[in-house]
Amino acid sequence: MNPLDLLPATLGPRTFALVAGVESYAVSHRWNLRGPARDALRFSRWLTGPGEVPPGHVRLLLSPLDDPDTLDWSASAGLEALRTTHRPATEENVKSVLLDELPSCEGDLLLIFWAGHGYVEPRGGELMLPCTDARPGQIRHLNLDSALRWWRTNLVGRELFRYQAALVDACRVDAPRDARWNFGTTDYGGGATVPGRRQFRLYASREGEAAKNDAERGAGRFTEELLAELGERSVREAVSGLADTARSIHRTFRGLRERGEGWQLPQFVVDRDWDACSFLDFLDDEPPGPAPRRAVRLDQAAWDGLGELFEDRDLPRCAYEAYAWAFKAAGCAAPAQGGLPGDTLLEVAQDLDERHGGPGGMPLAVPFVRFLAERAAAGDERWAARLRDWVRATRERLALPALPPPPPPPRKTALHVRLETPPGGEDGFLARMWLRREATEHIWESEGEPVRLDAVRDELVRQLGHVNQVVGLDAQAGRPSGAVEWIEFHVPYELLDLDFDQWPVPRGPGGRTRALGAVYQVVVRCPQERERTGAEWRGKWRWLWAQGGRHADAVRVVTDADADEGLGMELGAQPAPACVLAHTRAGARTSLVVEAVLEGGVPVAVWRRPGPAGTDRAGDPGAARGAVVHPGAGRAGPGGVTGLLGLLAPAGEDGRPEPGALDVFALPARVRAVRRAAAAASAGAPDGDRQQPLGGDRLVLLWDDPDDTLTIRSLA
């Protein structure tokens, strides 16, 4: 039978639609995304053009980042008609359209198109689509599953809207677990189910996956493919071939995935075909053919083993890496929000086991344990062997496929320089250097005699030259490179502001030199100041690793108004923050912040050293002389200072950075990049006008990794 024969000839004029594109969210500018509004307009153009749907039958809800008048409404007469009738995509407007206005219309087909964010309710698996007025503490949203259940009941006229389809270009990731993002419980109720109503749903991604949005082009990848498939077909032709359209889109995305150019796979969910005949759901493979194997759950024997293996075990440093790798190894997308779902290994394993695993049937907890066996158990071979035995036994018992080996830990060669004040108060400092690769090697010491800092600098240059020479010989012999990438200065408190990163080191021909911090990742630490705050210091570091280095509360920007005597106690009260950016004027206020960082056990901090003579009060040179501001710098702070957050964090859609967007673990590399930009700007300035527009030559990065300490006797 021709599918067109099942549908009314007048389906286009008897089609009604809710079309929503949500780009702007009141929750946070970090939620904003560019593309859904344009996608909603393009879908509306198809509906009111080739689709043959009257513009008066389309309810367009738009919340764009820009003024709606700046959008392109000229593509068709239908769009021009919608220009004056569209409304913001608030929860009130969504409910009014979907539960009041459209059910009272005389129609045969309901179409819902939604582009924006999407989250899956963790208990019931229902899809929640946040509205533009979603706010912290109350994420106003459309519960699509509940709304579609409502539309199948007798609250909609029995002879109306026999055909219903929802096309959703949104993620289907787990709702954020942070208590501030409260979705609450939304159920629209309903009456008695009306037999004979058919519903199709076509999602941009499977449950647990993020849907790709191309912000630069202002388009969702799924919508691009959907509109290409719809082409110039009428609504009647398009709806009759929805199954074929879904298969074609799925093939396209599967090809992108196989080429490594995409990750999401659209999902088409149906209960019956339009003729009410049985129609099996297909999720990942086009029919005919066997349905993909769903991941099994761990059995009781596996849980008994994990209970013994994880008993009294703290979360290891690599727990988040293991969690993220489990999704990759199983062939499915990780949750969009970062961070571990629990505070213990068992809680993490339980979270993984409750999720849908990959298409090969692999329970996510198995690759998680495999990763722990290779990385977390280093140095504890007995525990590592037990973890491997658990993986092997579980795979055999549940008939699971083989697992790829976890990636090896990243290699890092670091040179450590320790300076101490002589106990007798003599001039100079006691100094020692170590080279840390797989093992730690003591390479130089001042032999108990204080030395001047220029002697330490000269020795550092000599040691770097020696290491580089060895690296060259290793490269010729085909051995792995051990080039120094990282230099740490362990110093007394009074030396934290010293410009170690500006020490000149030979670079290139003709005696050329470069600043140490432009060539290497240079950090400072203050070991003796951690003795009284060890618990807070280690707790914050563990918490940061559990978040994968990024969390809304991980970074605290401290201003002059925050710098008081109680700041240290405040910073140390909770695991967060683990990083402080001192956006203060140089001088006493900055010193207060650094003292508070050490008192509160904060392991990471960035501030600016006092600037040279001739800078403004805030320490930024040339503020009144047209100094160039870095494009990602964001808003200026007190006295025109370029905010550290703007220098270090990526800008959001609205051009403003936010602490939660900053990857703390990427800070050393980011600070080096800023120092290099400052050096390049300085080198390009005319003589006598050596501006440092970024202030990057004065950044100080405090980096106290408690897992990478040198426990040694005092040099004194």
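Residues numbered from 1 in each chain as written. Predicted model: local features only at pLDDT ≥ 70, side-chain atom pairs only at ≥ 80, totals over all residues. Heavy atoms only, no water.

1. Thoughts on the overall build of the chain
- Along its length, the chain carries 19 helices and 23 strands.
- For the chain, with 716 residues in total, the buried portion stands at 53%.
- Expressed as a percentage of contacts within the chain between residues at least 6 apart in sequence, the contacts between residues at least 24 apart total 74%. (Helix = DSSP H or I, 4+ residues; strand = E, 2+ residues; numbered from the N terminus. Buried < 20%, exposed > 50% of the residue type's maximum accessible area, 1.4 Å probe, protein only. Contact = heavy atoms within 4.5 Å.)

2. Concerning the packing of helix α8 (residues 300-310) against helix α12 (residues 381-398)
- Where α8 meets α12, the closest approach of the two axes is 10 Å, and the angle between their N-to-C directions is 170 degrees. For the element pair α8 / α12, the angle class is roughly antiparallel. Side by side, α8 and α12 meet where Ala301, Ala302, Gly305, Leu306, Glu308, Leu309 and Phe310 of the first sit next to Trp383, Arg386, Leu387, Trp390, Thr394 and Arg397 of the second.
- Of the residues belonging to the contact of α8 with α12, the class tally is eight nonpolar, two polar and three charged. (Axes fitted to C-alpha atoms, helices over the stretch in contact; angles between N-to-C directions. Parallel < 35°, antiparallel > 145°, perpendicular 65-115°, else oblique. Nonpolar A, V, L, I, M, F, W, Y, C, P; charged D, E, K, R; others polar.)

3. Topic: the packing of aromatic side chains
- Scanning the entire structure with this criterion turns up 17 aromatic pairs.
- Where Trp151 meets Phe161, the ring centres are 5.1 Å apart and the plane angle is 90 degrees; that geometry is what we call edge-to-face. With Trp151 in helix α4 (residues 144-151) and Phe161 in the loop between α4 and β7 (163-169), this residue pair connects regions lying 10 residues apart in the sequence. You'll find Trp151 and Phe161 in the same group, each marked buried. (Phe/Tyr/Trp six-rings, centres within 6.5 Å; stacked < 30°, edge-to-face > 60°.)

4. Things to note about unusual backbone geometry
- Put simply, Ala576 and Pro577 share a cis peptide bond, and its omega is 5 degrees.
- Tracing the backbone shows Pro577 in the loop between α16 (567-572) and β21 (579-583).
- The phi dihedral of Asp312 is positive, around 60 degrees, even though this residue is not glycine.
- The topology assignment puts Asp312 in the loop between α8 and α9 (319-330).
- Here Ala399, not a glycine, exhibits a phi torsion of approximately 55 degrees, which is positive.
- Mapped onto the elements of the fold, Ala399 is located in the loop between α12 and β13 (414-420).

5. Focus: the pairing of strand β5 (residues 127-130)
- Across the two faces of β5 the burial is the same, with Leu127 and Leu129 and Met128 and Pro130 all buried.
- Of the pairings in the sheet, the one linking strand β4 (residues 119-120) to β5 comprises two bridges and is antiparallel in character. Bridging from a neighbouring strand, Tyr119 pairs with Met128 of β5.
- With three bridges joining them, β5 and strand β6 (residues 141-143) adopt antiparallel strand pairing. Bridge pairing links Leu129 to Leu142 in β6. (Pairing = 2+ DSSP bridges.)

6. What about the packing of helix α1 (residues 36-48) against helix α5 (residues 221-230)?
- Following both chains from N to C, one finds α1 and α5 inclined at 10 degrees, their axes separated by 11 Å at the closest point. What the angle tells us is that α1 and α5 run roughly parallel. Along its contact with α1, which presents Asp39, Arg42, Phe43 and Trp46, the element α5 presents Thr223, Glu224, Leu226, Leu227 and Leu230.
- The residue makeup of the contact of α1 with α5, split by class, is five nonpolar, one polar and three charged.

7. Overview of α1
- Over its 13 residues, α1 extends 18 Å from the first C-alpha to the last, a length consistent with the 18 Å expected when each residue adds 1.5 Å.
- Buried within α1 we find Pro36, Ala37, Asp39, Ala40, Leu41, Arg42, Phe43, Ser44, Trp46, Leu47 and Thr48. (Expected span 1.5 Å × (residues − 1).)

8. Describing the sheet that holds β5
- Read across the sheet, four strands follow the order β6-β5-β4-β8 without closing on themselves; strand pairing throughout is mixed. Only two strands of the sheet have a single neighbouring strand rather than two, namely β6 and β8 (173-174).
- Running at roughly 50 degrees to β6, α4 makes contact with β5 and β6 of the sheet.

9. Let's talk about the pattern of salt bridges
- Scanning the entire structure with this criterion turns up 34 salt bridges.
- The shortest N-O distance in the salt bridge between Arg34 and Asp66 comes to 2.7 Å. In this pair, Arg34 sits in the loop between β1 (15-22) and α1 while Asp66 sits in the loop between β2 (58-63) and α2 (77-82), placing the two residues 32 residues apart along the sequence.
- With relative accessibility at 25%, the residue Arg34 sits in the partly exposed group.
- Residue Asp66 is classed as partly exposed on the basis of its relative accessible area of 37%.
- The closest approach of N and O atoms between Asp707 and Arg317, which form a salt bridge, is 3.2 Å. Here the residue Asp707 occupies a position in the segment after β23 (699-703), and Arg317 occupies one in the loop between α8 and α9, the gap between them amounting to 390 residues.
- Taken together, the shared-partner salt bridges in this structure form one network comprising Arg317, Arg542, Asp705 and Asp707. (Salt bridge = Lys/Arg side-chain N within 4 Å of Asp/Glu carboxyl O.)

10. Side note on the side chain of Asp708
- With respect to the helices and strands, Asp708 occurs in the segment after β23.
- Judged by relative accessible area, which is 12%, Asp708 ranks as buried.
- Excluding its chain neighbours within four sequence positions, the residues that come into contact with Asp708 are Lys412, His416, Arg436, Glu488 and Arg525.

11. Looking at the confidence of the model for the chain
- Overall, the predicted model of the chain reaches an average pLDDT of 81, with 79% of residues at or above 70.
- Considering each helix and strand of the chain separately, the mean pLDDT is smallest for strand β12 (residues 267-270), with a value of 49, and largest for strand β19 (residues 521-525), with 97.
- A low-confidence stretch, residues 613-642 stays under pLDDT 50, and its non-local contacts, those more than four residues away or across chains, total 51 contacts.
- For the stretch residues 687-693, pLDDT sits under 50, and the model shows 14 contacts to residues farther than four places along the chain or on other chains. (pLDDT = per-residue confidence, 0-100.)

12. Description of a positive patch on the surface
- Where like charges cluster on the molecular surface, the positive patch consists of Arg507, Arg512, Arg514 and Arg676.
- By the element assignment, Arg676 lies in helix α19 (residues 667-683).
- For Arg676, a relative accessible area of 41% corresponds to the partly exposed category. (Patch = residues over 30% accessible without salt bridge, like charges linked within 9 Å, V, L, I, M, F, W, Y side chains within 5 Å. Areas by Shrake-Rupley, 256 points an atom, 1.4 Å probe, with all protein chains shown as cover. Lys, Arg positive; Asp, Glu negative; His and termini not counted. Charge placed at Lys NZ, Arg CZ, Asp CG, Glu CD.)

13. Examining a negative patch on the surface
- On the surface, Asp304, Glu308, Glu311, Asp312 and Asp314 cluster together into a patch of negative charge.
- For Asp312, a relative accessible area of 75% translates into the label exposed.

14. Concerning the nonpolar core
- One finds Leu102, Leu142 and Leu144 to be the most contacted residues of the largest nonpolar core, which totals 46 residues.
- Contributions of two or more residues to this core are made by β1, α3 (91-101), β3 (109-115), β4, β5, α4 and β7.
- Among the elements that take part in this core, α4 stands out by supplying five residues, more than any other.
- Grouped together as the second largest cluster of nonpolar side chains are 45 residues, Val451, Val456, Val484 and Leu496 included. (Core = buried A, V, L, I, M, F, W, Y, C linked by side-chain atoms within 4.5 Å.)

15. Section: the side chain of Thr186
- Within the fold, Thr186 resides in the loop between β8 and β9 (198-203).
- By relative accessible area, which is 18% here, Thr186 ends up buried.
- A distance of 3.2 Å separates polar atoms of two side chains, one belonging to Thr186 and the other to His141.
- When near neighbours in sequence (up to four residues on either side) are disregarded, Thr186 contacts Glu126, His141, Asn143 and Ser146. (Polar contact = N/O pair within 3.5 Å; in protein donor to acceptor, adjacent residues only side chain to side chain.)

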